[in-house]
Amino acid sequence: MTLAVEAIDLRRTFTSRSGTFRRTRKDVEAVKGVSFEIAPGELFGLLGPNGAGKTTTIKMLITLLIPTSGRANVLGHDVVHDVREVRRRIGYVFGGDRGLYERLSGLDNLRYFSELYGVPPREQKKRIGELLELVGLTGREGERVEGYSRGMRQRLHIARGLLHDPDVFFLDEPSIGIDPVGARELRATIAGLREQGKTVLLTTHYMFEADELCDRIAVIRSGEIVAEGTPAELKGLVSAGRVLEVETYGIGDEAVAARAQSAAYAPSWSRSAASCRCWSSRASPAPRSPSRCWRSWGRRVSVGSATATRRWRTPMSSW
Amino acid sequence: MTRLRQLVVCFWLQFKILLFSPFEGFSAVVFPLMFATAALLVYRVNGDPEAMLYAGIGAAAMGIWTSQTVSATTLVQRERRAGTLELVVAAPTPFSLVLLPITCAMATIGLYSVLATILWDWWLFDIALHIENWPVFVLSILMATVTIALFGFLLSVSAVRYRTSWALGAALEYPGWLLCGFVVPLDLLPDVLRPISRALAPTWAVEGMRAAAAGKSARGDLAICGAVGPAYAALAGWLGVRLINAARRDATPALS
């Protein structure tokens, strides 16, 4: 079976130059060896914060950027060499209210992109009508886009991306800047795509959106995939670990760091499962009653100094 | 056939965009007339009807040049600002075939400016065109329009790398009037500028218009014009491919 999308050790470095007379060159590695596979008909999410490399990854897959190294295939076609073949088979929609000709009507926008994407003339009218129905813009298609709300524009974008009936659909943060009702309608539209058998790659930084829509999710951070699995698997990984915030009083940094490294005082913790979000220490003692800590956080842990008070905080209900 | 339909539909939709722009519409309608007025007022001082005819034909071509160069250099920038540049680049249609209908739409606005200027000259300055060879004159106008459009096409592709390309359009506007001999005879230009004038297709198109108006043979002028125009298109197509490859490889020019 041919995979819908296959990314193998994709890397992308951007070079920026600054300075007027003495030019300095700086390389920024935006994507650092990203690999994943998407099966046909799957809705795959790329979840991560801003600047994580989601858009750069998607731009390599839709042929707008050439990878610095690594390779990627879409429906078996190489994204660097088989550009035309890839472009014929993919749809691309990005978030925000740009990407449309404001002075044209929604219908004219769709007609224009139908021509550019090679939709046969005989099919255009029927296809545009179906898509307007799908995205809920029937009856508003004759109005100029400059009068559309952001949600309407985004739905028109989706219709535009689907004009040539692509097999693989790339959605780059489609719900960004849309109000909750618009975003819900958009998510319903995206869920509808999966029901139609489309392969969808969705990038988002909204966890609930990825959870609601995606069959599988890859979490990307600083250009690297740090976790991958079904939403249930990823949630399972998180609940198996502990997010810990420790505030210390009257103990030196070295002692705190040593404890954090060894994690010996908490045998139920393993290094792989636990993540220590914040270790901070205050050099000056700030007396606080141990019992208060006990009440506040439900657990008090001795680190080895009789004078020390620890505050442990974890958001996990299981803790 | 499909490609032709694509060009026609895209041309029409881009033409609609240009028509719906109040500012661009105003400038396209009024500016050529103002330029023609200024040129003809200067020439009228001598009271020479031949000089007025010379300036009248040149002023008509000035409008196309102005509408093409200024808008062509900002063409890609406008697409980038609208967020559509990425989308048209990512389309299976070659980028040059995306830009061609847009430049043709701009050329149509330029064609209007020729006709409007000729009528303006006649109405305000009593310059009646005594054309000896109307078919050749019309052909010359069409060739001027098309070749200036192709020059605009070349400019738009060349300027894609620069976000401040609009300044290039403004900078080319007035030198182009001189270099193409619209209102000043080429003989008055320094020798060093002559090769530049000869490399510009509009120079030959305007020469053809003047020759047709005077009843002389315009064949040579139009032949050169017809050769230089497609050369612009070929060069623009080649540059377009190179620039898009550069955008994919180096992420400059940025497409968004």
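Small disclaimer: the values here were computed from a predicted structure and weren't measured.

### Here's the deal with the overall build of chain B
Line of reasoning, step 1. A tally of helices and strands in chain B yields eleven helices and zero strands.
Line of reasoning, step 2. Reading the helices (α) and strands (β) of chain B from amino to carboxyl end gives α-α-α-α-α-α-α-α-α-α-α.
Line of reasoning, step 3. Against the 2.2 N^0.38 benchmark of 18 Å for 256 residues, chain B shows a C-alpha radius of gyration of 18 Å, consistent with a compact globule.
Line of reasoning, step 4. Viewed in the frame of its principal axes, chain B has a C-alpha envelope of about 60 × 35 × 35 Å.
Line of reasoning, step 5. A buried classification covers 55% of the 256 residues belonging to chain B.
Line of reasoning, step 6. Of the contacts made within chain B by residues no fewer than 6 positions apart, 77% connect residues no fewer than 24 positions apart.

### Comments concerning the overall build of chain A
Line of reasoning, step 1. Assigned secondary structure in chain A consists of ten helices and 13 strands.
Line of reasoning, step 2. Here chain A, with 319 residues, has 47% of them falling under the buried criterion.
Line of reasoning, step 3. If you take every contact in chain A between residues at least 6 apart in sequence, the share linking residues at least 24 apart comes to 70%.

### Considering unusual backbone geometry
All names here are of chain A.
Line of reasoning, step 1. The phi angle at D165 is positive, at roughly 50°, despite the residue not being glycine.
Line of reasoning, step 2. Looking at the element boundaries, D165 is found in the loop between helix 5 (150-162) and strand 7 (168-172).
Line of reasoning, step 3. Take D165: its relative accessible area is 42%, and that puts it in the partly exposed class.
Line of reasoning, step 4. Although it is not a glycine, E173 adopts a positive phi angle of roughly 45°.

### Remarks on the environment of T2 of chain A
All names here are of chain A.
Line of reasoning, step 1. Here T2 is to be found in the segment before strand 1 (5-18).
Line of reasoning, step 2. The exposure class of T2 is partly exposed, given its relative accessible area of 47%.
Line of reasoning, step 3. The sequence separation of T2 and P174 amounts to 172 residues, and the corresponding C-alpha distance is 27 Å.
Line of reasoning, step 4. If we skip the residues at most four places from it in the chain, T2 touches P40, L75 and G76.

### Some words on helix 11 (residues 219-250) of chain B
Line of reasoning, step 1. Taking 1.5 Å as the rise per residue, helix 11 of chain B with 32 residues should run 46 Å; its terminal C-alpha atoms sit 46 Å apart, in good agreement.
Line of reasoning, step 2. At the exit of helix 11 of chain B stands A251 of chain B, carrying a positive phi of roughly 65°.

### Focus on the pattern of salt bridges
Line of reasoning, step 1. Across all of its chains, the model carries 25 salt bridges over all chains by this definition.
Line of reasoning, step 2. Here K59 of chain A ties to E86 of chain B by a salt bridge, and the two come within 2.6 Å at their closest N and O atoms. In this pair, K59 of chain A is assigned in helix 1 (residues 54-61) and E86 of chain B in helix 5 (residues 85-89), connecting two distinct chains.
Line of reasoning, step 3. By relative accessible area, which is 15% here, K59 of chain A ends up buried.
Line of reasoning, step 4. In this structure, E209 of chain A and R187 of chain A form a salt bridge, with 3.9 Å as the shortest nitrogen-oxygen distance. Of this pair, E209 of chain A sits in helix 7 (residues 207-213) while R187 of chain A sits in helix 6 (residues 180-195), and the two are 22 residues apart along the sequence. There is no split in this pair, since E209 of chain A and R187 of chain A are both buried.
Line of reasoning, step 5. Through salt bridges with shared partners, a single network forms among K126, R127, E130, D165 and K198 of chain A.

### Regarding the pairing of strand 7 of chain A
The side chains of a regular strand alternate between both faces of the sheet.
Residues and elements named next belong to chain A.
Line of reasoning, step 1. Among the five residues in strand 7, five count as buried, and that is most of the element.
Line of reasoning, step 2. Neither face of strand 7 is left uncovered, since the one carrying V168, F170 and D172 and the one carrying F169 and L171 both have all their residues buried.
Line of reasoning, step 3. Bridging between strand 6 (residues 90-94) and strand 7 involves five bridges; their strand directions are parallel. Opposite I90, over in strand 7, you have V168 as the bridge partner.
Line of reasoning, step 4. The β-α-β motif built from strand 7, the intervening helix 6 and the parallel element strand 8 (residues 199-204) has right-handed crossover chirality.

### Section: empty space enclosed by the protein
Line of reasoning, step 1. Taken as a whole and assessed by the stated rule, the structure comprises two cavities of 30 Å³ or more.
Line of reasoning, step 2. Considering only residue class, the lining of the second largest cavity consists of five nonpolar, one polar and no charged.

### Examining the interface of chain A and chain B
Line of reasoning, step 1. Listed as interface residues are 33 residues of chain A and, on the opposing side, 35 residues of chain B.
Line of reasoning, step 2. With both chains or domains summed, chain A and chain B bury close to 3200 Å², and 58% of this area falls on carbon and sulfur atoms.
Line of reasoning, step 3. Of all residues in chain A, R103, E115 and L116 of chain A give up the largest surface area on contact with chain B, accounting jointly for 21% of the area buried on that side.
Line of reasoning, step 4. The tally of links between chain A and chain B comes to three salt bridges.
Line of reasoning, step 5. With a shortest N-O distance of 2.5 Å, D108 of chain A and K16 of chain B are connected by a salt bridge.
Line of reasoning, step 6. Applying the counting criterion to the chain A and chain B interface returns 21 residue pairs in polar contact (both at pLDDT 80 or more).

### Remarks on the nonpolar core
Buried together is how nonpolar side chains tend to be arranged in soluble globular proteins.
Line of reasoning, step 1. Core analysis: the largest hydrophobic core is formed by 150 residues, its most contacted members being F36 and F170 of chain A.
Line of reasoning, step 2. Here this core gets twelve residues from one element, more than from any other, and that element is helix 6 (residues 95-125) of chain B.
Line of reasoning, step 3. Residues in contact with F170 of chain A, not counting those within four places in the same chain, are V5, I58, L61, I62, V74, I90, G91, Y92, V93 and L201 of chain A.

### Re the confidence of the model for chain B
Line of reasoning, step 1. Put simply, chain B has an average pLDDT of 82, and 95% of its residues get 70 or more.
Line of reasoning, step 2. The complex model carries a pTM of 0.76, and its ipTM stands at 0.81.

### Considering the packing of aromatic side chains
Line of reasoning, step 1. A complete count under the given rule lists 16 aromatic pairs over all chains for this structure.
Line of reasoning, step 2. An aromatic cluster is defined as three or more aromatic residues linked by ring pairs; in this entry it consists of F31, F35, Y174 and W177 of chain B.
Line of reasoning, step 3. The ring of F113 of chain A has R160 of chain A sitting right over it, with the charged end atom 5.5 Å from the ring centre.
Line of reasoning, step 4. One cation-aromatic arrangement involves R210 of chain B over Y54 of chain B; the distance from NZ or CZ to the ring centre is 3.5 Å.

### Focus: the environment of I225 of chain A
All names here are of chain A.
Line of reasoning, step 1. Take I225: it is sitting in strand 10 (residues 224-229).
Line of reasoning, step 2. Using a relative accessible area of 24% as the deciding quantity, one classes I225 as partly exposed.
Line of reasoning, step 3. Taking the C-alpha atoms as reference points, I225 and M207, separated by 18 residues in sequence, lie 15 Å from one another.
Line of reasoning, step 4. In contact with I225, other than residues within four places in its own chain, are V34, S35, F36, A218, V219 and I220.

### Topic: the pairing of strand 2 (residues 24-38) of chain A
Residue and element names in this part refer to chain A.
Line of reasoning, step 1. The pairing of strand 1 with strand 2 spans twelve bridges and is antiparallel. Looking at strand 2, one finds that R17 is bridged to R25.
Line of reasoning, step 2. Where strand 1 folds back onto strand 2 in an antiparallel hairpin, the turn is made up of five residues, including G19, whose phi is positive at roughly 95°.

About the thresholds
- Residues numbered from 1 in each chain as written.
- Chains lettered and ligands numbered in written order.
- Predicted model: local features only at pLDDT ≥ 70, side-chain atom pairs only at ≥ 80, totals over all residues.
- Heavy atoms only, no water.
- Helix = DSSP H or I, 4+ residues; strand = E, 2+ residues; numbered from the N terminus.
- Rg over C-alpha atoms; globule rule 2.2 N^0.38 Å.
- Buried < 20%, exposed > 50% of the residue type's maximum accessible area, 1.4 Å probe, protein only.
- Contact = heavy atoms within 4.5 Å.
- Expected span 1.5 Å × (residues − 1).
- Salt bridge = Lys/Arg side-chain N within 4 Å of Asp/Glu carboxyl O.
- Pairing = 2+ DSSP bridges.
- Right-handed = clockwise from strand over helix to strand, strands pointing away.
- 1 Å grid on protein atoms, 1.4 Å probe; cavity = no way out; pocket = protein on both sides within 12 Å on 5 of 7 lines; lining within 4 Å.
- Points joined across faces, edges and corners; volume = space filled by probe spheres on them.
- Nonpolar A, V, L, I, M, F, W, Y, C, P; charged D, E, K, R; others polar.
- Buried area = accessible area lost by both parts, 1.4 Å probe.
- Polar contact = N/O pair within 3.5 Å; in protein donor to acceptor, adjacent residues only side chain to side chain.
- Core = buried A, V, L, I, M, F, W, Y, C linked by side-chain atoms within 4.5 Å.
- pLDDT = per-residue confidence, 0-100.
- Phe/Tyr/Trp six-rings, centres within 6.5 Å; stacked < 30°, edge-to-face > 60°.
- Lys NZ or Arg CZ within 6 Å of the ring centre and 35° of its normal.

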